[in-house]
Amino acid sequence: MTRLHHATPDEAEQAFYEAIADSDADRLLLCWSNDDETVCVHPTGVRITGNPAIGDSWRAIFASAKIRIQPELHNRWQSGVLAIHHLTEYLYVGDDPNPHGPLYVTHVFARSADGWHLICRHASAADDAHQAMADARPHTLH
């Protein structure tokens with residue numbers, strides 16, 4: 001497949017989620033940097049390094065179930081060559097209309113001559129009970 005040029009991190013992220021919706025691991029990998037040190041951490045806590053292993057992990061996921069992810073972007077930080085997005089994801093499996101999750105996800109994108117591509121994805125199961133306690137605490141620093 002031809003390497004995709006993503007003009008923005010948002011464009012790369014959109015292509016990533018479209019590839020997931022289509023269960024297309026090859027197209028999904030085109031959203032990733034060619035860097036040997038790319039990292040993907042799935043919600044199981046397994047850290048996968050390098051595009052061949054990342055592709056294999058997504059192929060295994062796609063072979064086990066049809067999934068769709070509904071992302072909600074919460075924060076974004078961007079410089080000239082690096083962007084970080086923090087999202088909440090809701091996972092839909094097969095025809096089940098009930099979402100699984102939520103997951104807290106961090107995407108890190110790097111810009112190169114080829115455009116913006118993922119260099120890191122870290123997904124963790126959200127712990128809403130502990131988050132509610134943390135949100136209830138005062139956030140004033142003295």
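What comes next concerns the included structure. Per chain, the residues get numbers from 1 upward, laid out in the order the sequence is written. Local features are withheld for residues below a pLDDT of 70 in this predicted model, meaning they are given only at 70 or higher, and side-chain atom pairs are given and counted only at 80 or more; totals for whole chains, interfaces and linings count all residues. Hydrogens and waters are ignored; side-chain quantities use all the structure's heavy atoms.

Moving on: unusual backbone geometry. Cis geometry marks the peptide bond from G101 to P102; its omega dihedral reads 10 degrees. Tracing the backbone through its elements, the reader meets P102 in strand β5 (residues 100–112). Backbone geometry at S23 places phi at a positive 50 degrees, although glycine is not the residue there. Strands here mean DSSP runs of E at least two residues long; helices mean DSSP runs of H or I at least four residues long; both are numbered from the N terminus. Among the structural elements, S23 can be located in the loop between α1 (9–21) and α2 (25–29). Per-residue accessibility, obtained with a 1.4 Å probe over protein chains only, is compared with the maximum for each type, and a residue is labelled buried under 20%, exposed over 50%, and partly exposed between these values. For S23, a relative accessible area of 27% corresponds to the partly exposed category.

Residue placement: T38 occurs in the loop between α2 and β1 (39–41). We call two N or O atoms a polar contact when they sit within 3.5 Å, provided that within protein one can donate a hydrogen and the other can accept it, with sequence-adjacent residues counted only if both atoms are side-chain atoms. Within the structure, T38 has its side chain in polar contact with the side chain of N51 (distance 2.7 Å). Residue contacts are counted whenever heavy atoms from the two residues lie within 4.5 Å of one another. When sequence neighbours within four positions are dropped, the list of residues in contact with T38 reads W32, S33, I48, T49, G50, N51, I54, L118 and I119.

Grid points spaced at 1 Å over the protein atoms alone were grouped into cavities, where a 1.4 Å probe fits but cannot get out, and pockets, open sets with protein on both sides within 12 Å along at least five of seven lines, with lining residues defined by an atom within 4 Å of a point. Grid points are joined across faces, edges and corners, and a volume is the space filled by probe spheres set on the points. Looking at the largest pocket, its volume works out to about 210 Å³. When residues of the lining of the largest pocket are traced back to their parent elements, those giving at least two are α3 (51–64), β3 (67–78) and β4 (82–93). Across the lining of the largest pocket, the residue classes break down as seven nonpolar, two polar and two charged. Side-chain classes follow a simple rule in which Ala, Val, Leu, Ile, Met, Phe, Trp, Tyr, Cys and Pro form the nonpolar group, Asp, Glu, Lys and Arg form the charged group, and the remainder, Gly included, forms the polar group.

Bringing the environment of D95 into the picture now. Mapped onto the secondary structure, D95 falls in the loop between β4 and β5. For the pair D95 and R68, spaced 27 residues apart in sequence, the C-alpha to C-alpha distance is 9.8 Å.

A word on the sheet that holds β3. Strand order in the open sheet made by the six strands is β2-β1-β6-β5-β4-β3, with mixed pairing throughout. At either margin of the open sheet sits one strand with a lone partner, and together these are β2 (47–49) and β3. On average, each strand axis in the sheet is tilted by 25 degrees relative to the strand beside it, whichever way the strands run. Pairing of β1 with β2 involves three bridges; the strand directions are antiparallel. Residue V39 lies in a different strand from β2, and its bridge partner there is T49. Pairing between strands is defined by DSSP: at least two bridges between the two strands are required. Every axis corresponds to a line fitted to the C-alpha atoms, with the helix fit spanning only the stretch in contact, and the corresponding angles, defined between N-to-C directions, vary from 0 to 180 degrees.

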